Amino acid sequence: MTSKVDDSAQGSRRAFLRGAAVAGATAALANKAVAQAAAPAKPDPLITDIQDWNRTLGPGVDAAPYGKPSPFEKHVVRRNVPWLTADAISSINFTPLHELDGVITPNGVCFERHHSGVAEIDPAKHRLMINGLVDKPLIFTMEDLKRMPGRINRPYFLECAANGGMEWRGAQLNGCQFTHGMIHNVWYTGIPLKTLLDEAGVKTNGKWIMPEGADSAAMTRSIPIEKAMKDCIVAWGMNGEALRAEQGYPLRIVVPGWEGNMWVKWLRRIEVGDQPWHHREETSKYTDLLADGRSRRFTWIMDAKSVVTNPSPQAPLRHKGPNVLTGLAWSGRGSIRRVDVSVDGGRNWQTARIDGPVSPLSLTRFYVDFDWDGRELLIQSRAMDDTGYVQPTKDELRKLRGTNSIYHNNGIQTWLVRGNGETENVEIS
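The paragraphs below set out a description of the structure included in this document. Here the structure is a predicted model, which is why all the values come from computation and not from measurement. (Residues numbered from 1 in each chain as written. Predicted model: local features only at pLDDT ≥ 70, side-chain atom pairs only at ≥ 80, totals over all residues. Heavy atoms only, no water.)

**Focus on the overall build of the protein**
A count of helical and extended segments in the protein gives seven helices and 25 strands. The C-alpha radius of gyration computed for the protein amounts to 23 Å, which stays within 12% of the reference 22 Å derived for 429 residues, consistent with globular compactness. Along the first, second and third principal axes, the C-alpha atoms of the protein reach 75 × 65 × 40 Å. Per-residue burial for the protein yields a buried fraction of 53% across its 429 residues. Counting contacts in the protein only where the partners sit at least 6 residues apart, residues at least 24 apart contribute 73% of the total. With the model as given, the accessible surface of the protein reaches about 19800 Å², and the carbon-plus-sulfur share is 52%. Distance between charge centres in the protein, computed from 52 positive and 48 negative side chains, equals 3 Å. (Helix = DSSP H or I, 4+ residues; strand = E, 2+ residues; numbered from the N terminus. Rg over C-alpha atoms; globule rule 2.2 N^0.38 Å. Buried < 20%, exposed > 50% of the residue type's maximum accessible area, 1.4 Å probe, protein only. Contact = heavy atoms within 4.5 Å. Areas by Shrake-Rupley, 256 points an atom, 1.4 Å probe, with all protein chains shown as cover. Lys, Arg positive; Asp, Glu negative; His and termini not counted. Charge placed at Lys NZ, Arg CZ, Asp CG, Glu CD.)

**Here we look at the sheet that holds strand 18 (residues 321-330)**
Strand order in the open sheet formed by four strands is 17-18-22-21, and the pairing between neighbours is antiparallel. With one partner strand each, in any of the chains shown, strand 17 (305-310) and strand 21 (353-355) form the two edges of the open sheet. If you compare each strand with its neighbour and ignore which way they point, the axes differ by 35 degrees on average. Bridge analysis of strand 17 against strand 18 gives five bridges, and the strand direction is antiparallel. By the bridge assignment for strand 18, Ser-306 is matched with Ala-329. (Pairing = 2+ DSSP bridges. Axes fitted to C-alpha atoms, helices over the stretch in contact; angles between N-to-C directions.)

**Digging into the environment of Asn-420**
For Asn-420, the location among the structural elements is in the loop between strand 24 (414-417) and strand 25 (423-426). Given the relative accessible area of 52%, Asn-420 is considered exposed. A C-alpha to C-alpha distance of 15 Å links Asn-420 and Asp-371, two positions 49 residues apart in sequence. Those residues in contact with Asn-420 that sit more than four places away from it in its chain are Leu-317 and Trp-372.

**Things to note about the pairing of strand 11 (residues 233-238)**
Taken across its six residues, strand 11 has six buried, putting it largely inside the fold. Pairing of strand 8 (residues 183-192) with strand 11 involves five bridges; the strand directions are antiparallel. Opposite Ile-191, over in strand 11, you have Val-234 as the bridge partner. Relative to strand 13 (residues 252-254), strand 11 is paired through three bridges, and the arrangement is antiparallel. Bridge pairing in strand 13 places Val-234 opposite Ile-253. Two elements, strand 11 and strand 12 (residues 241-242), share two bridges in a ladder whose sense is antiparallel.

**Details of the nonpolar core**
Counting 58 residues, the largest nonpolar core has Leu-128, Leu-145, Leu-193, Leu-196 and Ile-209 as the members making the most contacts within it. Examining the composition of this core, we find that five residues originate from one element, strand 11, more than from any other. Counting 28 residues, the second-largest nonpolar core is a separate cluster that includes Val-103, Ile-336, Val-343 and Phe-370. (Core = buried A, V, L, I, M, F, W, Y, C linked by side-chain atoms within 4.5 Å.)

**Section: the side chain of Ser-306**
Residue position: Ser-306 is located in strand 17. Classification of Ser-306 as buried rests on a relative accessible area of 1%. Here the side chain of Ser-306 touches Ser-381 through a polar contact of 2.8 Å, side chain to side chain. Setting aside residues up to four positions removed in sequence, Ser-306 forms contacts with His-180, Leu-328, Ala-329, Trp-330, Phe-366, Ser-381, Arg-382, Ala-383 and Gln-391. (Polar contact = N/O pair within 3.5 Å; in protein donor to acceptor, adjacent residues only side chain to side chain.)

**Considerations on helix 5 (residues 193-200)**
Among the residues of helix 5, those classed as buried are Leu-193, Leu-196, Leu-197 and Ala-200. Considered in projection along helix 5, the buried side chains sweep an arc of 95 degrees and stay on one side of the axis. Where helix 5 terminates, the next one or two residues include Gly-201, which has phi positive at roughly 80 degrees. (Arc of directions from axis to C-beta.)

**Some thoughts on the side chain of Lys-265**
Looking at the element boundaries, Lys-265 is found in the loop between strand 13 and strand 14 (267-273). There is no salt bridge for the buried Lys-265, and the closest opposite charge comes from Glu-112, which lies 6.4 Å off by N-O distance. A distance of 3.1 Å separates polar atoms of two side chains, one belonging to Lys-265 and the other to His-114. Polar contacts involving the side chain of Lys-265 include one to the main-chain carbonyl oxygen of Glu-246, which spans 3.1 Å. Aside from chain neighbours lying at most four places away, what touches Lys-265 is Arg-113, His-114, Gly-213, Ala-214, Glu-246, Gln-247, Gly-248, Leu-251 and Arg-252. (Salt bridge = Lys/Arg side-chain N within 4 Å of Asp/Glu carboxyl O.)

Have a look at this one:
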């Protein structure tokens, strides 16, 4: 066993395991009765005595015009890893997946990825232009867009192509917030992009679109017209309210199932062309560098992936006996059909229970109820989608693509749970 270098954000240990096995650990995942989860009733001053919050009146309804989480939940926040990027203006912070349940990400903790910081835009002054190979170039105000017929609401995940990118060469970041937290899942409100393109009239040689952001980076990406017409959304809302500024307020494009860099924020222009533009974010960046020096380009789709969020390094096991293992699965190709879980490093698998809505191109929640007797576990999850795609191991990915890339790592994640409940990011072979 050899140790990896501690990451500065957490300062916690990690190990790189080879040939590890956990004998008999599968028995720990037997779905047993959990009647013992609650302690027998005993005199408890927290029940029998008057507490501080019982003694006085609380704040009134005018104390918080816009609600905030309880102060006891102040630890549930986005976090960054300072050494990952050179400057916070062009950087990343991560969704606290281990602190969340269900499938919808609260707006305040949706991960951020910026290339020039957050643009603060007055919606009354914002415009969206459709130009290029169209019959009728158009300019829309925000009011114009919101008056258009055909408004829709859809739940979709947004995942950065670099999610898990630091793990290509081995276990690096000790926590699912950092290994998998460049993802969130919200309900988007807007109108189909097809509605706007039909209004402008795409010429017969219009084969691609190029959305452009209004931030100082002027983010652009090339998107095939087929995808644009199929399910892309011009969105102004998330989870029932306006987009947050860091999520592109007042307008962004939603590109379901495809890498997050294409979901251009602060959307100001969509050009229609006859070929891709090959701009910076699809040539020098967001291409997959292979072992032989060649690059895979236009690798837009986010393949099936999953992660156990609890237990995980930031959420260790604290009690023996009844416990709940939970995690998230998703696929940019369709819906999650099944998730299997292993506690012995992939030697044996059992099917997890999926609960909550299962929607195409959206996060899916899974659970396994289990008794833990204190033995070490090597926890993994493996997602399968309705196209038949099965999430691969990291070794399987590396055999195909090497370790030069930082994009599209959907390999199976392994957590080592030690006898004291502490949990580490590890790899096994």
